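Observations on the three-dimensional arrangement
Spelled out from the first residue to the last, the chains are:
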Number of protein chains: 2
Amino acid sequence: MVTIRDVAKAAGVSLTTVSRAYNPKAVIRASTRERILAIAEELGYVPNLSARSLVTNQKFVLGVFFSNLRSGTPETFLSTVINSVYEVLPDDYLLSVNDIAHLTNFEARVQMRMAGVLVVSQSPADDAFIQRLAKAQIPTVVINRDLGEPNSYNVCSDDRLGVYQAMAYLAKAGHQRVGMIAGLPGYTSAQQRRQGFDDGVRDYGLTRVAEAMRPGDYSVQAGREQMTAILQLPAATRPSAVLCADDDTAVGALRACYQAGVSVPEEMSVVGFDDSIYAAMSVPALTTVKKPIVQMATAGITKLLALIAGENDAVVHKDVIAPSLIVRESIADRHK
Amino acid sequence: MVTIRDVAKAAGVSLTTVSRAYNPKAVIRASTRERILAIAEELGYVPNLSARSLVTNQKFVLGVFFSNLRSGTPETFLSTVINSVYEVLPDDYLLSVNDIAHLTNFEARVQMRMAGVLVVSQSPADDAFIQRLAKAQIPTVVINRDLGEPNSYNVCSDDRLGVYQAMAYLAKAGHQRVGMIAGLPGYTSAQQRRQGFDDGVRDYGLTRVAEAMRPGDYSVQAGREQMTAILQLPAATRPSAVLCADDDTAVGALRACYQAGVSVPEEMSVVGFDDSIYAAMSVPALTTVKKPIVQMATAGITKLLALIAGENDAVVHKDVIAPSLIVRESIADRHK
DNA sequence: CTGAAAGCGCTAACAA
DNA sequence: TTGTTAGCGCTTTCAG
């Protein structure tokens, strides 16, 4: 293994000078640095991060935590977030992917070794973990869920607005009677989406069909069951469109329609939320509100890196990103 | 920060003894070890891995590499593999998720810091990377692709057998005329699946419909286009079932049927491969061959840990795991 | 079974 | 702008 000594010897300088060559803010003559770096390169020298960590206490791992990898994590999240992180990850950092629900050995794995943590949070169940990070003074940014906590760093999407846009589209497409299959009770996202629905109904003068306002839990099963219930209503009193709290729910709803012989979108329009990978694949392809995962992840990781760099004052505590409507095939144009 | 010194002082022993308490194979009186561990626990001592690494040269990061996270990685892989790894990951290891196609700084990130690497390989494009790992002497296990290289450690699935089982099922369900939309030319998996198809046709006396033997590339688009082409055939000469090289292809095929007004499975049966997350969600739900990802990942990581532990002789170079058929709704029973 | 001492590769004062 | 020196926290000989 070639060490800093070897480079120093080869370059005819001291260890310190070599060390300085690798520290961007060290005082060193530019020509010296270049010469050293060239020689180091040639020798195949790679700085030993363990040694550096030992003395500087710096860490070179960025942790990304998901609420629960075994179930419930929209799969799209994983690859999207990981990709976004790599987009801006410094060259000597490693990216570690973890699962909050099944984490063991917080001290050794997180506290001792992670320079910062990006939490992709799905539910309040993560709060204990988030607080633990705060207590351990680990730079942390939480994305995907509105924490409603002014001291933390948080990036989330404006779900209310997203649904509101969908409602606008529905109204413009000539829909009048609408229903909704809700999200998990207690979840901020569920409340916000419901709010967007209610605001849309109000502002666009739509009719909320009481029997078609159904509970849900962000699952395919719920989507199927609740849509099946909605389809029991006589066609005349049924809503012409149902807003589903997320794409899983919508996929379930689509299945219910299929099984009931109700064609989508001709007899029933369905809207989702997330733009999960199912959305484009479903039959018919799902019109849905695209959650801005890429933007959240990018903004989050950028914040995080700034925090790690100690630029806390320059970092805004909260970003709210607007989702966008992705129009596919599951909403009928009733004007035709 | 509480260090080994603090523990030593509190326990009235030397640094060395504390160190030994943490090394399972060190010679130390059991009672001493217990006492020290208890005191350490109480003080909140956590061994500093940087320091340990510095002297022992051990690494405490396990790398998992995917061919390409930005596109083409079946999303199911990610969470499944990560979960399987955590199932057996030692408590002080970190799991780092990486992308072969976009990896930078191999030396600092991989060579210097990873104790071992699990490669989830999709294509021969990964070979250069795999060779680099070998050159750097990093314990490596490749899963998901048959490397056909006796010196490496490799876990893959018997795709031929999987398809063969599907063919058996098709034959038993009364299908006679069959077609196939193939995988990416040049890929081992594509060849193996084709082989399974051919073997099935031969052994079960089926009829291969020449016009329904189509090229493909493991994409939804290809599935749609090729199935559309197949559906041009007059119903009488069409196959009653089409085997798709993977689930993406099958989902595309399903869409083509939907758009052509051909009902699945009544008028056309479709089989996939992988058991991706789409499979259960599609309409109708896809009957498919389940790739044994969990088993491959578990076997792979177990092998890898053994290699890291230096037990090379005890590790079998190659495992081949049998896939299983998952019966859902996309194959018709023609006996009815 | 336990302790003393040396040193892993690097950075950070402090001098020069 | 560069070099000298003293550790960072730990493991590992080698004695005892």
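Scope of this entry: the structure provided in the associated data block. A quick note: this is a predicted structure, and the numbers were derived from the prediction, not measured.

Further remarks concern the protein's contact with DNA strand C. Around DNA strand C there are 24 residues in total, and Ile4, Ser19 and Tyr45 of chain A together with Thr17 and Arg20 of chain B lie nearest to it. Atoms of DNA strand C within 4 Å of the protein belong to the sugar or the phosphate in 65% of instances, the rest to bases. Here a phosphate oxygen of DNA strand C and a backbone polar atom of asparagine 48 of chain A are 3.2 Å apart. At the level of secondary structure, the elements contributing two or more residues to the surface near DNA strand C comprise helix 2 (15–21) and helix 4 (49–56) of chain A together with helix 2 (15–22) and helix 4 (49–56) of chain B. It is helix 4 of chain A that provides the largest number of residues to the surface near DNA strand C, a total of 5 residues. Taken together, the residues of the surface near DNA strand C break down into 12 nonpolar, 9 polar and 3 charged.

Turning next to the relation of the copies chain B and chain A. It takes a turn of 180° to lay chain B on chain A, together with a shift of 0.0 Å along the axis; the resulting RMSD is 0.1 Å. Such values leave the two copies arranged in the relation of a two-fold axis. A shared binding surface is used by both copies, with 100% of the interface residues of chain B retained as interface residues in chain A.

What follows deals with the packing of helix 10 (residues 220–232) of chain B against helix 11 (residues 247–260) of chain B. Residues and elements named next belong to chain B. The contact between helix 10 and helix 11 brings their axes to 6 Å, and the two run at 45°. Between helix 10 and helix 11, the angle falls in the class oblique. Pair helix 10 / helix 11 crosses with right-handed handedness. Mapping the contact onto sequence places Val220, Gly223, Arg224, Met227, Thr228 and Leu231 in helix 10 and Asp248, Thr249, Gly252, Ala253, Arg255, Ala256, Cys257, Gln259 and Ala260 in helix 11. Across the contact of helix 10 with helix 11, the residue classes tally to 7 nonpolar, 5 polar and 3 charged.

Attention now goes to the pairing of strand 1 (residues 61–66) of chain A. Strand residues, when the strand is regular, have side chains that alternate between the two faces of the sheet. Residues and elements named next belong to chain A. With 6 of 6 residues buried, strand 1 is to be regarded as a mostly interior element. Across the two faces of strand 1 the burial is the same, with Val61, Gly63 and Phe65 and Leu62, Val64 and Phe66 all buried. Sheet analysis places strand 1 next to strand 3 (residues 114–120), joined by 6 bridges and oriented parallel. Paired with leucine 62 across the strands is glycine 116, a residue of strand 3. Across 6 bridges, the pairing between strand 1 and strand 2 (residues 94–99) is parallel. In the sheet register, phenylalanine 66 faces strand 2, and the bridge partner there is aspartate 99.

Now for the protein's contact with DNA strand D. Near DNA strand D there are 24 residues, and of these Thr16 and Thr17 of chain A together with Ile4, Ser19 and Tyr45 of chain B occur at the shortest range. Among the atoms of DNA strand D close to the protein, meaning within 4 Å, 62% are from sugar or phosphate groups. Contacts to DNA strand D include serine 19 of chain B, whose side-chain N or O atom sits 2.5 Å from a phosphate oxygen. Here a phosphate oxygen of DNA strand D and a side-chain polar atom of tyrosine 45 of chain B are 2.6 Å apart. Elements with a contribution of two residues or more to the surface near DNA strand D: helix 2 and helix 4 of chain A together with helix 2 and helix 4 of chain B. For the surface near DNA strand D, the element with the most residues is helix 4 of chain B, which contributes 5 residues. Of the residues assigned to the surface near DNA strand D, the class counts are 12 nonpolar, 9 polar and 3 charged.

Each value, and the rule that gives it
Within each chain, residue numbers correspond to sequence positions counted from 1 in written order. The order in which chains are written sets their letters, starting at A; the order in which ligands are written sets their numbers, starting at 1. Confidence filtering applies because this is a predicted model: local features only for residues at pLDDT of at least 70, side-chain atom pairs given and counted only at 80 or more, and all residues used for totals across whole chains, interfaces and linings. Computation of side-chain values: all heavy atoms of the structure, hydrogens and water removed. Note on terminology: near, applied to a residue and a molecule or strand, indicates that one of the residue's heavy atoms is within 4 Å of it. Throughout this description, a polar contact denotes any pair of N or O atoms lying within 3.5 Å of each other; where both atoms belong to protein, one of them has to be capable of donating a hydrogen while the other can accept it, and for residues adjacent in sequence the pair is counted only when both atoms sit in side chains. Runs of H or I in DSSP of at least four residues are treated as helices and runs of E of at least two as strands, each being numbered from the N terminus. For this classification, the nonpolar set comprises Ala, Val, Leu, Ile, Met, Phe, Trp, Tyr, Cys and Pro, the charged set comprises Asp, Glu, Lys and Arg, and every other residue, Gly included, is treated as polar. When the copies are superposed, the least-squares fit draws on C-alpha atoms of residues that have pLDDT of at least 70 in both. Contacts: residue pairs with any heavy atoms within 4.5 Å of one another. Note on geometry: axes are lines fitted to C-alpha atoms, helical ones only across the stretch in contact, with angles between N-to-C directions running from 0 to 180 degrees. In what follows, roughly perpendicular refers to angles from 65 to 115 degrees, roughly parallel to angles under 35, roughly antiparallel to angles over 145, and oblique to any angle outside these ranges. Left-handed describes a crossing in which the near helix is turned anticlockwise from the far one by less than a right angle; the clockwise case is right-handed. Burial here depends on accessible area, computed with a 1.4 Å probe over protein chains only, as a share of the maximum for the residue type. Under 20% is buried, over 50% is exposed, and the range in between is partly exposed. Strands are treated as partners if at least two bridges between them are detected by DSSP.

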